[in-house]
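# Structure assessment
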Amino acid sequence: MKSKGAATFTITQNQAIATALLFGLTAGFGGASIAGGNPLETVGNFFGGEDDVQRQVEVDKIDIEGEPVMGDEDANVTVVVYEDFQCPYCQRFEQGALSQVENEYVDSGEVRIIWKDFPLPQLGHDWAVTSAETMECVYREDNGVFWDLKDQIYSNHDVLNSMSPNAVQEEILTWASSDVNRTAVEACLDNGNPSQEVNGDLREGQSFDAQVQLPNGEERSFVSGTPGTVVYGQDDEMGEPVVGAQPYSVFQNLIESKM
């Protein structure tokens, strides 16, 4: 086992540009960002730091009870993801780095992944909130079906982006109905107040004191864009924030440091 503790990484401006070009990132944090940005702002020095600014996330501020979870509850490392179902950078993250984390660490029982909703309708993500609420109700029926449908949503962005929010909801319900009780999901949407859970996740993500520093020196709060990820070990009081659709190697290094 490796010793636990904060992993410290540095990245040069040239590396930031290379990563931005590699992933075709045009918004801040290498993902959907409330503030927006340019390619230079896609990768920050977000691990550790020598100044007095808080660069890590308080683990006790993350409420993991009643949240969708993939993996062994006794896993050595927890990866919490704040995501928007309609975010194209989340799609890239899900189908790239996070998929590799699942294959290499979740299947072996070393890592568990916890989902948090962070819809960003202000970015023109018209069905982000609708899908988050619908998926919350699917999760209440079956955790495993939630994760399967999550992958199906990201795999069908091209189709879903041409639909209205109501049509997207109907599509998700149709997909779900082969595995869960559609009537129960619809009852949840009508009377179960899934928006309370979705908004709770959003407020939690916005409540952290951690700041991330971008290569141009700009400071931003974590979480202010998607995907936003926190990685921590079993006994850690502070977690390491990861900003944007970073490559698998970033997550691999962090996970290994927490074993």
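Look up a bit, the structure's there.
Residues numbered from 1 in each chain as written. Predicted model: local features only at pLDDT ≥ 70, side-chain atom pairs only at ≥ 80, totals over all residues. Heavy atoms only, no water.

## What to know about the overall build of the chain
Counting its regular elements, the chain contains nine helices and 10 strands. For the chain, buried positions account for 51% of its 259 residues. (Helix = DSSP H or I, 4+ residues; strand = E, 2+ residues; numbered from the N terminus. Buried < 20%, exposed > 50% of the residue type's maximum accessible area, 1.4 Å probe, protein only.)

## Topic: the pattern of salt bridges
Under the definition given, this model contains 14 salt bridges. When the shortest N-O distance is used, the salt bridge between Glu94 and Lys150 registers 2.5 Å. Linking Glu94 in helix α2 (residues 88-106) with Lys150 in helix α4 (residues 143-155), this pair joins segments that are 56 residues apart in sequence. Exposure remark for Lys150: the relative accessible area of 0% places this residue in the buried category. Between Lys150 and Glu102 there is a salt bridge, with its nearest N and O atoms 3.9 Å apart. Of this pair, Lys150 sits in helix α4 while Glu102 is found in helix α2, placing the two residues 48 residues apart along the sequence. (Salt bridge = Lys/Arg side-chain N within 4 Å of Asp/Glu carboxyl O.)

## A few points about the environment of Asn199
Here Asn199 shows up in helix α8 (residues 194-206). Note on Asn199: relative accessible area 36%, which makes it partly exposed.

## Brief notes about α4
In this model, α4 (13 residues) spans 19 Å end to end at C-alpha, consistent with the 18 Å of a helix rising 1.5 Å per residue. Turning to α4, its buried residues are Val145, Phe146, Trp147, Leu149, Lys150, Ile153 and Tyr154. By the N-cap criterion, in which a side-chain oxygen at the helix start approaches the backbone nitrogen of a residue two or three places on, α4 is capped by Asp142, the distance to Gly144 being 2.9 Å. (Expected span 1.5 Å × (residues − 1). Polar contact = N/O pair within 3.5 Å; in protein donor to acceptor, adjacent residues only side chain to side chain.)

## Let's talk about the state of the cysteines
In total, this model carries one disulfide according to the counting rule given. Cys137 shares a disulfide with Cys188; S-S distance 2.1 Å. Taking the sign of the S-S torsion, -75 degrees for the link of Cys137 and Cys188, the bridge is left-handed. In this pair, Cys137 sits in helix α3 (residues 128-141) while Cys188 sits in helix α7 (residues 182-191), placing the two residues 51 residues apart along the sequence. (Disulfide = S-S within 2.5 Å.)

## Here's the deal with the side chain of Glu83
Within the element layout of this structure, Glu83 appears in strand β4 (residues 77-83). The buried charged residue Glu83 lacks any salt bridge partner; its closest oppositely charged side chain belongs to Lys150, at an N-O distance of 5.9 Å. (Lys, Arg positive; Asp, Glu negative; His and termini not counted.)

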